Structure formats: C-alpha cells, structure tokens
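The lines below spell out each chain.
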Amino acid sequence: MIDVRSSNLKLQQRSKNIIRTICGEKTPDAEEELEKLLASCSGSVKLAVATILLETTIPVAKRRLDDAGGVLTDILQSSKPQYTKRLNTGDFVLCVDAGGSKCSAVILGKNGELGQGEAGECNVSNVGPEGAVSAISFAIQRAVDSCSAFKEEPFELIPFQSIWIGLAGYDRPNIMNRINPLLSNLFHPEARSELKITNDIELLANTVADQNSVDSVVVLVAGTGSIAMSFERQDGRLERTGRSGGWGHVLGDDGSGYGIGRQALRLSLESADEINLRKEGERAGDCEDPLVQKIFEHFGVKVPPEPPINLLNQILSDQSNQESSNPTKRIAEVARVVVDSSSSSKKAMELLKEGSRSLVRIVSSLISNWRIETSRTSLVLAGGLLQSEVYQLTLINDLVSAGINFGHVQAVPQPALMAAKYLLGKCGWD
C-alpha cells in the first residue's frame, strides 16, 4: 500500500490517508501543504513519508531511499541516533495491540514503571507490512518516551524480558512470512528470542484465560468491524478453534460500529429525502426522531432542517477531522451518536438491538458448531462499541434470551495494558 502513487483523485485521497496513518502527529496540518508535498514527490507516498519522518528535504530523502533499496523501514531505523551506551536492564515487558483503528503500546516494569504510546491504523491488510511496522515503531517509541526509566532512549537498545505484538490481519501465511523478520529486526538481539507475534484477538483470549478457571474463551470484538473467535485449553495452552464473522464492511460487519452507523445514516438519508421532496413553502418541521436530528447536527446540517439538505455529500466528503478521513471509519463513528441517543430515541434503541442480535448470531454459530460448554467459558468483549454499557447490557440480555449463559463475562477497554500485566505475571514479578 505504501508504494501507491497518487495518479488520480481517488488515489490522491488514499495516499493522504496512508501518510496520516504512518506519520501521525508529524503530518502537515494543512490539506494544501500535504497535497503540495505529494505533488513535489511525484505522487510517491513512500518518498513523502520518508521526507516527513526524516525531517529533511525531498532530494535527501530520495537518496536515502535509493541507498536502502527502497526499504522505508531500513532508513527509519538507521535515522535514529546511534547511542554508544547500552541499557543494562531487562526488567521490562512490552505489549503492542496493533489494531485496525489504532496501535497501542504499553511498557511495564517490575517496579511499577509504566509507559504508553499510540499511533495510527495498523491492520497489515490495509497499510501493508512496512506501514504496519512503522506504526508499531512509533507507538513503541512514544511509550518509551513516556516512561521515566527510558525517556528519549531508542527502544531498539532495550533488552525487554518479554514482547508480545498482537497484529490485526496477521493470520494470512503470506503476511506472516513478510512481516515477522521486519518486526524481529526492530528489537535488541537479546529480546528477539522473547518476541511473540499473534493476531490481536489471541492477545485478548490468553490474558483473560489465565485469570479465570475456564476451559474455553470466546472473544467478541465490535469496533469499526465485528468478529468472534473461540479458543480451547489444550495441554495448558489456549488454541484457537473457530472464527465467525470478520468479513469486512463490504460483506459483513453487522453489529459493529460500521454496521450500526450505516443503518442510522440510511434512516437519516431517508428523512433528508422526504424533507427535500416537500413542496416549496411547506414548513419543514422537526425531524421525526431525535436520532435523526442528532445525526444532522453531527454532520453540520442545520436543525430544524430546510431543503435542500445535502447530507450524502457531507457523509462522503467531510474532511473536518483528519483522523476520520476514511469513509468506513467516519460511518462507524456515527454509532457513537446512536449510543448517546438511545435513552431518548426509540429508533436508536432499535438499531442497537438489531446490532446485538447480529452479534448473538455469530457467537451462537461458534458455540453450536464447537459444542462449547458456556458455563466453563469466558466471554471477552472488546472493541470501542462494546465498551458502551447500554450496548453491553443489550447484548448480554439477548444472549441470555437465546439460552447462552457464559460462566464469566469481561469487557477489556485496554488490551495492551492487560496483556502487559499478563506478561509481568509470566515473568514472576507481580
């Protein structure tokens, strides 16, 4: 993905999104400045990223890329200051939750030291191996910079006692073969043997299983997308047994932020069409449901609305938030409006119940096909949408109504922090 060249309008927008994802806070604030940089780089995303992150001129960045054979990761690593001293402690663990929406890194020390850092989207299927590795590197370095024990030290010098990276999109064999050596080469030689790389959902399953006396774990994720995975304890370890959902927004993701947001926007677009079709001079009146009004407000449509209402244009082209320039993410964010409106809007509550029933279906599929004994199973709820109490309660009630009663239910708002604590326990320090 990072090798894309912005040869048309669609690719130009995709190129800018990739640059924002990889460069994060260093990305130029002004849209015009970013477009000018891309044009000066002849549309090369890789060259633009190198120019921004190396904080140098385009000719120098191009020469560095050419010398590195076009491998962006190599020049980013070689650009770090070369420290002669070496940190002598291995009393720290590192966990990275490299998810589809953001990348979170957590460092924990045996004496309670804590460092946390974030970067942009990290699904390797979307941003490619180099883009994912770059985002992971930035998140880790930000975690190091926030930790008093290592402030301003390059993370490559730290011989972590244990490292776990949970990466979205990691399961495909061709992805594993490409990204494993890239990730391994990021770390101090003494830490590489302690590096564990899995998909991000396995990270959630293992951390919860060791805290509870369960035979199985079902991880249900509803953030931008939705997916469920089941795990069974075998020879003291959790092994993945099944997967349901996770088809992506084009074919699936029902019950996710995107799925609920899409349904809410369709409802709002229907209302906008009705208002636009009214005869000239007819009073526009109020929106029929508070949810529609809240969505109009969310996209900057005047309330009470007067025709013509260009809601579709606002949905597809709103660039007010650079972090939300991706249409899929922008649609998923509407689910927050639905959740916030659920106490006053009948339509909002109906959409949450419909989404909950979709999640119940994918969980039921795992349970029935693998004959999972739910009373000895832990249900892990992850993803931004499932951190909402109203959506959690709706889901749990629907599961009970379907005859599904888990022995333990736990919502995990910070997977990287929880997994880091798990690693500490494995080291015998807690």
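Residues numbered from 1 in each chain as written. Predicted model: local features only at pLDDT ≥ 70, side-chain atom pairs only at ≥ 80, totals over all residues. Heavy atoms only, no water.

Draft legend 1. Examining the side chain of Thr-27 more closely. Mapped onto the elements, Thr-27 comes out in the loop between α1 (9–23) and α2 (31–40). For Thr-27, a relative accessible area of 6% translates into the label buried. (Helix = DSSP H or I, 4+ residues; strand = E, 2+ residues; numbered from the N terminus. Buried < 20%, exposed > 50% of the residue type's maximum accessible area, 1.4 Å probe, protein only.)

Draft legend 2. Main features of the nonpolar core. Of all hydrophobic cores here, the largest spans 58 residues; its most connected members are Ile-136 and Phe-187. By residue number, the principal contributor to this core is helix α6 (residues 124–145), which donates 11 residues. Residues within four places of Ile-136 in sequence aside, it is in contact with Val-96, Ala-98, Cys-103, Cys-122, Ile-165, Leu-167 and Leu-183. Counting residues in each nonpolar core, the second largest holds 47 residues, with Tyr-258, Val-360, Leu-385 and Tyr-391 among its members. (Core = buried A, V, L, I, M, F, W, Y, C linked by side-chain atoms within 4.5 Å. Contact = heavy atoms within 4.5 Å.)

Draft legend 3. Structural context of α2. Regarding α2, the residues found buried are Leu-34, Leu-37 and Leu-38. For α2, the angular spread of the buried residues around the axis is 100°, confining them to a single face. Exposed and facing more than 90 degrees away from the buried side of α2 are Glu-32, Lys-36 and Ala-39. A positive backbone phi angle near 55° is found at Ser-42, which sits one or two residues after α2. (Arc of directions from axis to C-beta.)

Draft legend 4. Molecular detail of the packing of helix α10 (residues 257–277) against helix α11 (residues 290–298). Between α10 and α11, the shortest axis-to-axis distance is 10 Å and the interhelical angle comes to 90°. The pairing of α10 with α11 is recorded here as roughly perpendicular in orientation. Contact residues: Ala-264, Leu-265, Leu-267, Ser-268, Ser-271, Ala-272 and Ile-275 in α10; Leu-291, Val-292, Ile-295 and Phe-296 in α11. Here the residues of the contact of α10 with α11 are counted per class, giving nine nonpolar, two polar and no charged. (Axes fitted to C-alpha atoms, helices over the stretch in contact; angles between N-to-C directions. Parallel < 35°, antiparallel > 145°, perpendicular 65-115°, else oblique. Nonpolar A, V, L, I, M, F, W, Y, C, P; charged D, E, K, R; others polar.)

Draft legend 5. Main features of the packing of aromatic side chains. Summed over all chains, the structure comprises two aromatic pairs. An angle of 50° between the planes, with centres 5.7 Å apart, marks the rings of Trp-164 and Tyr-422 as tilted. Of this pair, Trp-164 sits in strand β4 (residues 162–167) while Tyr-422 is found in helix α16 (residues 415–427), placing the two residues 258 residues apart along the sequence. Since its relative accessible area comes to 1%, Trp-164 is described here as buried. Positioned above the aromatic ring of Trp-164 is the side chain of Lys-196, whose terminal nitrogen or guanidinium carbon lies 4.2 Å from the ring centre. (Phe/Tyr/Trp six-rings, centres within 6.5 Å; stacked < 30°, edge-to-face > 60°. Lys NZ or Arg CZ within 6 Å of the ring centre and 35° of its normal.)

Draft legend 6. Fine view of helix α7 (residues 173–184). Over its 12 residues, α7 runs 17 Å from end to end, which matches the ideal 16 Å to within 8%, given 1.5 Å per residue. Taken together, the buried positions of α7 are Ile-175, Ile-179 and Leu-183. Buried residues along α7 cover an arc of 40° about the axis, so they all sit on one side. Across from the buried face of α7, at angles greater than 90 degrees, the exposed residues are Pro-173, Asn-177 and Arg-178. Looking at the packing, one finds that the buried side of α7 touches α6, β4 and β5 (195–198). (Expected span 1.5 Å × (residues − 1).)

Draft legend 7. Seen up close, the environment of Val-412. Within the secondary structure, Val-412 sits in the loop between β10 (408–411) and α16. Since its relative accessible area comes to 3%, Val-412 is described here as buried. A sequence separation of 25 residues divides Val-412 from Gln-387, and the C-alpha atoms of the two residues are 7.6 Å apart. Apart from residues no more than four positions distant in its own chain, Val-412 is found in contact with Leu-204, Val-208, Val-380, Leu-381, Ala-382, Gln-387 and Met-418.

Draft legend 8. Just empty space enclosed by the protein, in detail. One pass over the full model with this rule turns up two cavities of 30 Å³ or more. Taken as a whole, the second largest cavity spans an internal volume of roughly 30 Å³. Broken down by class, the residue content of the lining of the second largest cavity amounts to three nonpolar, three polar and one charged. (1 Å grid on protein atoms, 1.4 Å probe; cavity = no way out; pocket = protein on both sides within 12 Å on 5 of 7 lines; lining within 4 Å. Points joined across faces, edges and corners; volume = space filled by probe spheres on them.)

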